[in-house]
Structures are given as structure tokens and as C-alpha cells.
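Take a look at the letters that make up each chain.
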Amino acid sequence: MSAYAPSRQDPTPAQTRFSRVSRAKRPHSPPPGRGFRIAGADISASLTVFLIAVPMSLGLAVAMDAPLQAGLVSAAVGGIVAGLLGGTPLQVSGPSAGLTVVTAELIQIYGWRTTCAITIGAGLLQILLGSLRAARSALAVSPAIVHGTLAGIGVAIALAQLHIVLGGSPQSSALDNAIALPEQLGRLNPAAPLIGALTIALLIAWPRLPGRAGRGLRRIPAALASVAVATAVAAVATPGIARVELPSWRSHALPEVPEGPVFALATAVFTVMLVGSLESLLASVAVDKLAADRAARSTRESVPAAPVPRSDLDRELRGQGITNTVTGLLGGLPISGGAVRSSANVRAGATSRAATVLHGVWVLLAAALLASVLERIPLAALAALVMMVGIQMVSYAHIRNVHKHREFPVYAATLAGVVVFGVLNGVALGIAVAVLLALHRLARTRIAVTEQDDRYLVIVRGQLTFLAVPRLTRTLGQLPDGVDAIVELDGFFMDHAAYEAIQDWRTAQVARGGRVVFTGRSGGRIAEPASAAHSCCRPWTPWRNHHCHDRPTRPTTAADRLSAEAGGPVDDPRASAGTPRPAGAHRLLSGLSSFQRNTAPLVREELARLASEGQRPSQLFLTCADSRLVTSMITSSGPGDLFTVRNVGNLVPPPGADGAGDDSVAAAIEYAVDVLRVESITVCGHSGCGAMQALLSAEPDAPKTTPLWRWLRHGAPSLARMTSRDHSWARIAGRLPSDAVEQLCLTNVVQQLDHLRAHEAVARRLADGTLQLHGMYFHVGEAQAYLLTEGSSSGTGPDEVFERVVPTEPGLDPRETTHAPVELMLPVLTAPAPAGAGTTGPVPGGPVPGGPGSPHSDASVPAGLERSPL
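Residues numbered from 1 in each chain as written. Predicted model: local features only at pLDDT ≥ 70, side-chain atom pairs only at ≥ 80, totals over all residues. Heavy atoms only, no water.

**Q** Let's hear about the overall build of the chain: which residues, and what values?
**A** A tally of regular secondary structure across the chain gives 31 helices and 16 strands. Here the chain holds 870 residues, and the buried ones make up 46% of them. Across the chain, contacts joining residues at least 24 apart in sequence account for 75% of those joining residues at least 6 apart. As presented, the chain carries roughly 42800 Å² of accessible surface, and 60% of it is formed by carbon and sulfur atoms. (Helix = DSSP H or I, 4+ residues; strand = E, 2+ residues; numbered from the N terminus. Buried < 20%, exposed > 50% of the residue type's maximum accessible area, 1.4 Å probe, protein only. Contact = heavy atoms within 4.5 Å. Areas by Shrake-Rupley, 256 points an atom, 1.4 Å probe, with all protein chains shown as cover.)

In C-alpha cells:
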């Protein structure tokens, strides 16, 4: 079959994505030339975020010891200004939890009005950096430092708010709060702790309310519900508890010209800018992921969803800068993008920036009209709410991730530095530890020497820099003079000092009659020309390296080259003299050796985890035993992902099939479905299948008593389906199959899915809705996968259609269907001619109709098919 090439009528992937977007209705996007449009989903999402933002804004203002109106001002400005000007449409900005400790310290040192001026300066600096397109550079900071900073801030917030929950007042620093905690516990007032405990219990339990009533109550945000219940209980049980006090707006303080040491003020401005920018940009990235996950889920569930553009980080940074400038001028708290508010906005179904702007409008109205209601909230409830926010900033998922990447020392140092020394000093400490760790890894070079047959093998693992030169020269100097040596360099970098040290040693060895060969990890000579080296051994996939073992006519190892240079035999010295090693055994052993050297060190940790936890594959993949199908390659899967069953012809014997050996496939299906609890089963056929060719070319009356034919009888229903007038012809990417073999390969996939449904375990899981079946066809020559259209394999009715899978960005539909003009023709299927035959005979069963009214979209007669008009 010839490779598929798009015709003039076939849309390209880019055109397909464009047409898919243009065809989609976008009720939430403003049409050209019209104003700001608001959708119903945006209104409901804005109300949800508003109910979270009000108590959180007040709580953060309490935590910072700032005027309570400042929290409402910053929430309203963050929603309206950042919502209109920011680069992340679904991100909700407001008072920054990450800046809580910094702002509290600034208020204590400089006072509130100077802190507002510092906020203005930080905003102007953000505008400058956004205009210089430096936003992406901010993400270059190690994630361990960022997560450690946020975790340290979270610990400091939790310690400070714990004092308010216990009925006291927080100290000036996290360390002082920790030291003063025993004294605070000694003079405990039970009213505030009980209200705080009630708030925390509701925050934890509210999302887990069971039953139908629980589902209805969970629509109310947990933050609002917990604060509302705590307020109601406090009004009845403890009327004298400390509550929110909103001063008159007439006494609201505005910024003043800052006074103090210039360097200290500049440091404060830089700190507010750095922490606020990092928090906002990380939240933008998180919002993009949440929006992409929501779009992918909508695609899987065939639910239309309005497209959301990806974040423009430079615009987002400029928007945050303008917002901080405005909130500082109006006497509000420093602002950043918030992960809690933004994730709630996405999960509530927001489709545009209208939701963010509306939430700011609701906050503004609440500040003006609901002051008396807000003043009934107990301070202990707000402190408990903010304390839980601080605890959640210490994320176990982040700790596990940095530990997996061996960055935990950086995370721990940053966290401890922020708690003990403050945010800026903690970040500096984290950067210092990260640099030291990188230098340690750069200098960690392992050198091993072994002796083999009067030759020395020197293996150098790691980067060769001037830091490793002393140990390298000491090791090389211990080798005898004039010996034959192989130096295997396994690293990606060698500086000039290391290069000179190695070359000087080599020159000295050669002058004394020795021979030295330098190799890489794959055994190829260092700096060998591409034409001479085995270019296929480049380490992009272990699969490609299998060709490297098929070159017996030249030296393939460093030992071979040493022998060749000395005039000795080129053969592997470990092979038996005069007895050539079989090509297959040599290839297998070489591949095993390559695995142990190259791949095993990389996968050992993951395989050890799988060995201890057991296998938990999500899919059963049933495919042909054909050697050209590399399942892990075409599915981009790894150990533990697929439970794979392979047999000749990717056949699934129906339940009750006679004959020995058929229970093997049924046993694998039962084990995968009932024990492993896989979520999907995929039957994968492929082009040029030998089993299908055998079925087509078989003589009807020929004896079929061999084991192969006893197995292939399970493919007879596929052949009968293809030749039956009760079933439509399968189509592939909008065209008819190219020949009879391809038609049978496609039909066989559909038929085996029917056999799968007949198995009791599969039928039970399908009825429960916990299992999905998929059909797949892989064209070997094109390296192209096709997926069976969901719902089309019903047995009758429309043609079975296999859609072409195209490479797309994450979140987009990876399937593409091309539809050629419809032509009503009656196809007649003919089998390929056997070797040496001069004509092509018909397939057993005669003509294959497409069924009355079936569309066939092939405009030309493919090889092996004849058609006659209806």
C-alpha cells in the first residue's frame, strides 16, 4: 500500500484544527466590533469565587495586621483591573497569601501608609519587567526554591494565625510565634479555640458531605459555609468574642511618600515584586493546566466547551504591575494571582475573564452594602481559615516531586530560611544551596579501572571539569607505562583542563609503546566521523539501536580496534576461536548487554517501585504477534502501563470455543478485567497481517488440521463478516481499504470487539460503565495509527470508520477524519494472487456489498478491489 498523502480535498492538521475551532460555537467570546459579553457560566463562577474571596481577604488583612478595608479594596481591584488587563483570562487576583509575612513585617517597620507606597513601587517594577518580556525568565528559578518559599510562608502564616485562634495576638516573626506558643497555651480562653476548631472541622468535612443532600450543600464554597456557621454559633454561644471591626471609609488611609533608608526601601520593593510575581506566574501556569484538563475532559465526554487561550505571561506580569500600582494608590494590600481562587474559578465553569471581573464587582458592592454583616464575623473564624490556607501551602505533592528529582535539600533549606530569616534571606539561602548542589553534581565524577587480557579499561562516569582533574590524573598515573588501554568517557561535558590532562597522559603512553583508544558509552570512537561511526547508535531510543549489532565486517568495539591497530584478529576475543557466533544469538546478547549498560541504570528505580507495589496497568492491549509491532513504541508507554496479549492475528476466541489452547486469551482477559481492573481494552490490528492473508488465500476444501489452522479458525467470523451482505464495509480515513487484505484486517478488529463483548467479565464491566472497548489499526509502512470511531461498531447500519490519529498539542483531539466525495458503488472484493499466480481469484463468499445505502468514499478502484454501480 502506498503511503497516504493528503490530496487537494484533504485538510491538513492545521486546517483541521482551525476548522474545528471555527465550527465550534463560541457564545462566551465577544464578536468583532462588539462589547464585553457575559455568559451564564461566568456569572455563576463569579459568585462562587466572590463567596471565597470575601472571607479570605478579610482573613489575610487580619493576618497582616492591616486595615480590614484594605483586604476588600485589594480583592475588588484585583478582580476588576487584573481581570481586564492580565494575560491569564481565568486567573483571579487578590490579596497575596505569599506576601502575608512580608507585608506584616513592612507594616510593623514602616507603618501602613509607607507600605502602600512600597506596593506602588513594586507594581511599577513589575510593569517594567513585563515590558522587557522578562516574565518567562522568572520561571527559570528552581521549582524547589519556589515551592520551598511558599511552604515557608505557609508555616509562618499558620504559626501566626494559631495565636489568634487560641485567643491571643501573633508575634513579630515565625520564630517568635513558635517560641511563644507554650505561653499562649497556658493562658487559653476556650471561646476563640472552639470557634476556630469548628471552622477548621467544617473546612475539612464540607467537601466530603455524603448523600444527595451533601451534593447540594457542596455547591456552597467550604470557606463561606465554615465562616457563616462559625458566625452563627458565635452569635448564640459567645456573644463577647472578638469580631471584625470595619472602620469608617472616611478614615481609610492612603499612601504617603516613604521615609527611611533608601537601600532598605529598595529591598522591600524588590521583595514584594519578586514574591508577588513568582506567585502570580506559577498560578498562571497552574491555571493553564487546569483549563487544558477541563478541555480534554469535555472532548472525551463530547460536551462542547468554549476554547480558553493560553496565558501571556508578559502581559500577566504587566497586568499585575498595574493592579498593584492601583491598589497601592487606593490603600489596598499587595496583590498576586491566587491558586485557590483561580482553581475555584476554573472548576466552577468560567469561560472568560468576565467571571474574574464580575467577582471584583460583587466584592465592591459587598464592601459598600454589607458592612454590618461582615462585622459579625469572629476573628477566630477568619484566623482559622487563613491558617488552613497556610497549611495547604506546604504541599506533600511538591515535597514528593522535589525529592524524586533529588532537590529536597534545596527545598528544605529555602523553607527553613524563610521561617527563620525571612523571605528574601530564605530565597538567597535556597539559591546558594542549589548552586552548591549543582557544583557537587558537576564535580561528582566516578572513575573505575579494570584489567582484561593485559588491557586496561578505564570507565569515567560524570562530567570532566577541572574539579575532577586531580583524581583523574592520579588514577591514570597508577596504570603501568606502555600498556594498552581503553578509556570510556560517559559524560556530556569536558573542559579544557580535563582535555589537556587526558591528552598529556595519552601522549606519554603512546611514546612508551602503548595504545590508547577513547570511546563513548556506546563503544564508538570519540570524535569519529559520522560516516564511519554507527549513527544509529545515537541514544534516542533503545529500539533503534538493534541495527548496531548487524555489522560483523568491521571492528565494533574499542577492544576490536586495539586488536586491529596491532595487526591482530578483529573478532571479539571472548568468542571461541574458529567458531563464528550465530547472528541471532550475537544480536540478542549484544542487545542485553546494551540494556544493562544504557537503559537499566535509568529504569532500575522505577522497576523497583513496580516490583514492590505490583502492577496496576490501566489498559489491556490485545494485538498481533507480528515482530514489526512494537507496542511500547507506538503507544509511548513504559513499564506498568499496558497489560499486553499478543497472538497470531490479534484474535479473541469467543466463549465456549472448542479446541486446546483457546483458554489462554480468555484467562488473560478475565485476569485483566476482574483482577487488575483495567479501564479499557484495545484490539489492535495492522497492515499486511500474515494471518489475514492466510485466511484470504486458503482453499475452502483444503484440510486444516495443523495447530496454526486450528487457531486461525477463530478468524473465520471476520472473513464471514467481510463477505456478508448484512454488514457495511469498513472505511479508513474517509476512503475504502486499498485491497482485500486491508479490508479483512479492519473488519477483523471490529469482529474481535464483538467477541470481547461476549465474555462474561467484559459484559459485566461494560454494563457497569467501568470499562471501555477501543479498536485500533496500525499501518506499518506509514507508521500511522487509526482509531475506530466510537459507537460505530454496532454490527449493522453505518460503515465502520477508522479515524487517522494526528500529532496535536495537549488538550486537542488527536483524531482527524477526512471525508472524500460519496459515491454509491457495489464493491467486489478479490483476494491477492498467490506467489507465481497470474490472476487474482475471488474471496470465498463472492461479492461484498456495502449494504443498502452505504456510502463508500473511494473515488478510484484500489488494488485488489473491483466495483460495479448499484
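**Q** Give me the lowdown on the side chain of His686, citing residues and values where you can.
**A** Within the secondary structure, His686 is located in strand β9 (residues 680-686). Overall, the relative accessible area of 1% leaves His686 in the buried class.

**Q** How would you sum up the packing of aromatic side chains? Please name residues and give values.
**A** Under the criterion given, the structure shown has three aromatic pairs. Here the aromatic rings of Phe643 and Tyr671 are separated by 5.8 Å at their centres, their planes lie at 40°, and the arrangement is tilted. Of the two residues, Phe643 sits in strand β8 (residues 642-647) while Tyr671 sits in helix α26 (residues 663-675), which places them 28 residues apart along the sequence. Relative to Tyr786, the ring of Tyr777 lies with its centre 6.2 Å away and its plane at 45°, an arrangement referred to as tilted. Taken individually, Tyr777 and Tyr786 each receive the classification buried, so the pair is uniform in this respect. (Phe/Tyr/Trp six-rings, centres within 6.5 Å; stacked < 30°, edge-to-face > 60°.)

**Q** Lay out the pattern of salt bridges with the relevant residues and their values.
**A** Applying the stated criterion across every chain yields a total of 13 salt bridges. The partner of Arg133 in a salt bridge is Asp314, and the shortest N-O contact between them spans 3.7 Å. With Arg133 in the loop between α5 (112-131) and α6 (135-138) and Asp314 in helix α13 (residues 313-329), this residue pair connects regions lying 181 residues apart in the sequence. On the accessibility criterion, Arg133 (59% relative accessible area) is exposed. A relative accessible area of 9% means that Asp314 is categorised as buried. (Salt bridge = Lys/Arg side-chain N within 4 Å of Asp/Glu carboxyl O.)

**Q** If you had to explain helix α19 (residues 408-421) to someone new, which residues and values would you point to?
**A** For α19, spanning 14 residues, the distance from its first C-alpha to its last is 19 Å, which sits close to the expected 20 Å at 1.5 Å a residue. Where α19 is concerned, the buried positions are Val410, Tyr411, Ala413, Thr414, Leu415, Gly417, Val418 and Val419. The elements touched by buried residues of α19 are α7 (143-165), α8 (174-186), α18 (396-404) and α20 (423-443). (Expected span 1.5 Å × (residues − 1).)

**Q** Describe the pairing of strand β13 (residues 801-805), naming the residues involved and giving the relevant values.
**A** For β13, a buried count of four out of five residues is recorded, marking the element as mostly surrounded by other parts of the structure. Of the strand pairs in this sheet, strand β10 (residues 731-732) and β13 are connected by two bridges, and their pairing is parallel. In the sheet register, Ile732 faces β13, and the bridge partner there is Phe802. Where strand β12 (residues 784-788) meets β13, three bridges bridge the pair, whose relative direction is antiparallel. Note on β13: the bridge partner recorded for Leu787 is Glu803. (Pairing = 2+ DSSP bridges.)

**Q** How would you sum up the environment of Glu803? Please name residues and give values.
**A** Topologically, Glu803 is positioned in strand β13. With a relative accessible area of 14%, Glu803 lands in the buried category. Note: C-alpha distance between Glu803 and Arg731 (72 residues apart in sequence) is 8.8 Å.

**Q** Any details on the state of the cysteines? Residues and values, ideally.
**A** Taken as a whole, this structure holds zero disulfides when the rule is applied. The thiol of Cys624 is not disulfide-bonded; the next cysteine sulfur, from Cys689, is found 4.1 Å away. Among the residues examined, Cys624 registers a relative accessible area of 5% and is labelled buried. (Disulfide = S-S within 2.5 Å.)

**Q** Give a description of a nonpolar patch on the surface that names residues and reports values.
**A** A contiguous nonpolar patch, built from Leu175, Ile179, Val420, Phe421 and Leu429 and spanning about 470 Å² of accessible area, is present on the exposed surface. For the nonpolar patch, the secondary structure elements donating two or more residues are α8 and α19. Turning to its location among the elements, Ile179 is positioned in helix α8. Classification of Ile179 as exposed rests on a relative accessible area of 62%. (Patch = residues over 30% accessible without salt bridge, like charges linked within 9 Å, V, L, I, M, F, W, Y side chains within 5 Å.)

**Q** So what about the sheet that holds strand β4 (residues 455-461)? Which residues, and what values?
**A** In space, the four strands of this open sheet follow the order β3-β4-β5-β6, with mixed pairing throughout. On the outer flanks of this sheet lie β3 (446-452) and β6 (516-519), each paired with one strand and no other. Adjacent strand axes in the sheet meet at a mean angle of 15°, parallel and antiparallel pairs treated alike. Looking at chain direction, β3 and β4 are connected through seven bridges and run antiparallel. Along β4, the bridge assignment pairs Ile447 with Val460. Set on the sheet, helix α21 (residues 469-477) makes contact with β3 and β4; between it and β3 the angle comes to about 10°. Each of β5 (484-490) and β6 is contacted by helix α22 (residues 496-511), which is oriented at about 150° to β6, the strand it contacts most. (Axes fitted to C-alpha atoms, helices over the stretch in contact; angles between N-to-C directions.)

**Q** Give a detailed account of the side chain of Gln751, specifying residues and quantitative values.
**A** On the secondary structure map, Gln751 appears in helix α30 (residues 740-758). Judged by its relative accessible area of 11%, Gln751 is buried. Once residues within four sequence positions are removed from consideration, Gln751 is found in contact with Pro717, Ser718 and Arg721.

**Q** Would you mind going over the confidence of the model for the chain in detail, with residue names and values included?
**A** The predicted coordinates should not be examined in detail at positions where pLDDT is low. Summarising the model, the chain shows a mean pLDDT of 77, and 78% of its residues fall at 70 or more. Throughout residues 1-35 the model reports pLDDT below 50, and contacts reaching past four residues in sequence, or to other chains, amount to 37 contacts. (pLDDT = per-residue confidence, 0-100.)

**Q** Before we move on, could you go through the packing of α7 against helix α17 (residues 379-392) and cite the residues and values that matter?
**A** Two numbers describe how α7 lies on α17: the axes approach to 8 Å, and their chain directions differ by 160°. Overall, the two elements α7 and α17 adopt an arrangement that is roughly antiparallel. As for how α7 packs across α17, the hand of that crossing is left-handed. Only Leu379, Ala380, Ala383, Ala384, Val386, Met387, Gly390 and Ile391 of α17 make contact with α7, whose side of the interface consists of Gly154, Val155, Ile157, Ala158, Gln161, Leu162, Ile164 and Val165. Partitioned by chemical class, the residues of the contact of α7 with α17 number 13 nonpolar, three polar and no charged. (Parallel < 35°, antiparallel > 145°, perpendicular 65-115°, else oblique. Left-handed = near helix turned anticlockwise from the far one by under 90°. Nonpolar A, V, L, I, M, F, W, Y, C, P; charged D, E, K, R; others polar.)

**Q** Account for the nonpolar core, naming residues and giving values.
**A** Among soluble globular proteins, nonpolar side chains are generally buried collectively. Residues Leu58 and Ile118 are the most contacted members of the largest nonpolar core, which totals 81 residues. When residues of this core are assigned to their parent elements, the largest contribution, twelve residues, is made by α7. Counting residues in each nonpolar core, the second largest holds 47 residues, with Val645, Val665, Ile669 and Met722 among its members. (Core = buried A, V, L, I, M, F, W, Y, C linked by side-chain atoms within 4.5 Å.)

**Q** A description of unusual backbone geometry should follow, citing residues and the corresponding values.
**A** Unlike most non-glycine residues, Asp65 shows phi in positive territory, near 60°. Relative to the elements of secondary structure, Asp65 occurs in the loop between α2 (40-64) and α3 (68-85). Owing to a relative accessible area of 66%, Asp65 belongs among the exposed residues under this scheme. Although it is not a glycine, Ala783 adopts a positive phi angle of roughly 50°. Within the secondary structure layout, Ala783 lies in the loop between β11 (772-779) and β12.

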